[in-house]
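# Structural overview
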Amino acid sequence: MKIIPCDGPFGVEILDLDVTHITDDELNACSAVQQKHGVIFFRDQQLDCQQHIEFAERFGEIVINRFFERVEEHPQIAMVRKEPTHANVVGEDWHTDHSYDQEPARGSILYAREVPSKGGGTLFINMQQVFESLSDGLKETLRGLRAVHSSRHVFGQQSRQNDDNRYNNADLAVQDSIHPLVITHPLSGLEVLYINPDFTTHIDGWTADESASLLSYLYSVASQPENILHFNWRKNSIAFWDNRATWHRALNDYPGERRVMHRITLAGCALN
Ligand SMILES: O=C(O)CCC(=O)C(=O)O
Ligand SMILES: [Fe+2]
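Criteria and cut-off values
- Residues numbered from 1 in each chain as written.
- Chains lettered and ligands numbered in written order.
- Predicted model: local features only at pLDDT ≥ 70, side-chain atom pairs only at ≥ 80, totals over all residues.
- Heavy atoms only, no water.
- Pairing = 2+ DSSP bridges.
- Helix = DSSP H or I, 4+ residues; strand = E, 2+ residues; numbered from the N terminus.
- Axes fitted to C-alpha atoms, helices over the stretch in contact; angles between N-to-C directions.
- Buried < 20%, exposed > 50% of the residue type's maximum accessible area, 1.4 Å probe, protein only.
- Near = heavy atom within 4 Å.
- Polar contact = N/O pair within 3.5 Å; in protein donor to acceptor, adjacent residues only side chain to side chain.
- Areas by Shrake-Rupley, 256 points an atom, 1.4 Å probe, with all protein chains shown as cover.
- Nonpolar A, V, L, I, M, F, W, Y, C, P; charged D, E, K, R; others polar.
- Arc of directions from axis to C-beta.

## What about the sheet that holds strand β10 (residues 176-180)?
Pairing within the open sheet is antiparallel, and its three strands lie in the order β10-β9-β13. Each edge of the open sheet is held by one strand with a lone partner, namely β10 and β13 (200-203). Shown here is a sheet whose adjacent strand axes are inclined to one another by a mean of 30 degrees, direction ignored. Taken together, the three bridges between strand β9 (residues 146-150) and β13 define a ladder with antiparallel strand orientation.

## Examining the pairing of strand β16 (residues 246-250)
Counting buried residues along β16, four of its five residues qualify, which places the element largely inside the surrounding structure. Judged from the five bridges that link them, strand β8 (residues 122-126) and β16 form a sheet pairing that is antiparallel. Paired with T122 across the strands is A250, a residue of β16.

## Considerations on the site of ligand 1
V80, V90, G91, H95, D97, L110, T122, W241, H248, A250, R259 and R263 make up every residue found near ligand 1. In the model, an oxygen atom of ligand 1 is placed 3.0 Å from a nitrogen or oxygen of the H95 side chain. The contact in question runs from an oxygen atom of ligand 1 to an N or O atom on the side chain of D97, over 3.1 Å. Notes on ligand 1: free accessible area 290 Å², of which the protein chains cover 99%. Where the shell around ligand 1 is concerned, the elements lending two or more residues are β16 and β17 (259-266). Of the residues belonging to the shell around ligand 1, the class tally is five nonpolar, four polar and three charged.

## Some thoughts on helix α2 (residues 49-59)
Among all positions in α2, only C49, H52, I53, F55, A56 and F59 are buried. Along α2, the residues classed as buried sweep out an arc of 160 degrees about the axis, all on the same side. You can read the cap of α2 off the contacts: a side-chain oxygen lies 3.2 Å from the backbone nitrogen of Q50, and it is on D48. A positive phi of about 160 degrees marks G60, the residue just after α2.

Structure below.
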């Protein structure tokens, strides 16, 4: 296998590797490189659903998303789909998957089955690098805070995003979670800024207005153009992101075209 850095602030492409025949050594190398770079990509992988599941299970236990449409006969796989008639895309705002869970997902493995003729990329930001870039004084202040995360406003009854029924089980979107604003990454041991615009509602013990000032400042620092990696999909590409160290968002720039991705999410743990 060959490891090529992406054209961006982080991330690598792994070439000359068939993920359906991956040795233990190659698996360990992929895990190590993902821990270091936040996201890894593979190209030209021919996977059926079972092979996608088997690849994911080499890294850990799968967690089934409660809200996403599921692939028929393979409930472990979430469908991430935009039809030509849809106005929105799934994951359009910056987020990390499942931060509203008590034990947020460790990572997601997204596989491109059908891509538009142009556009439809995914953007990533490395939140460990963002935390690292802050002043010592702000870092120290942030270490003392906790943030509340929720799925209610995105997947719940009050969500305005579900205009085309791609999300289910709105009645299950009632779980809120509190995580430290700065987590120690369970695998790398490095500090990561763990908040995101989609699911973080406020800082624990602060008012909405007080929270909004600090959170929006941190979001603007994070989303500076030089921090953003832009991944261009081809059919049969895979992106495997470290969900506790990165943000991602899907671009909605291919009106009238179809895009179909299959996502498997790996179980995580409580964050400290
Ligand atoms: O479709 C994409 O590029 C990403 C969508 C998303 O947020 C996800 O699959 O978790
Ligand atoms: Fe996502």
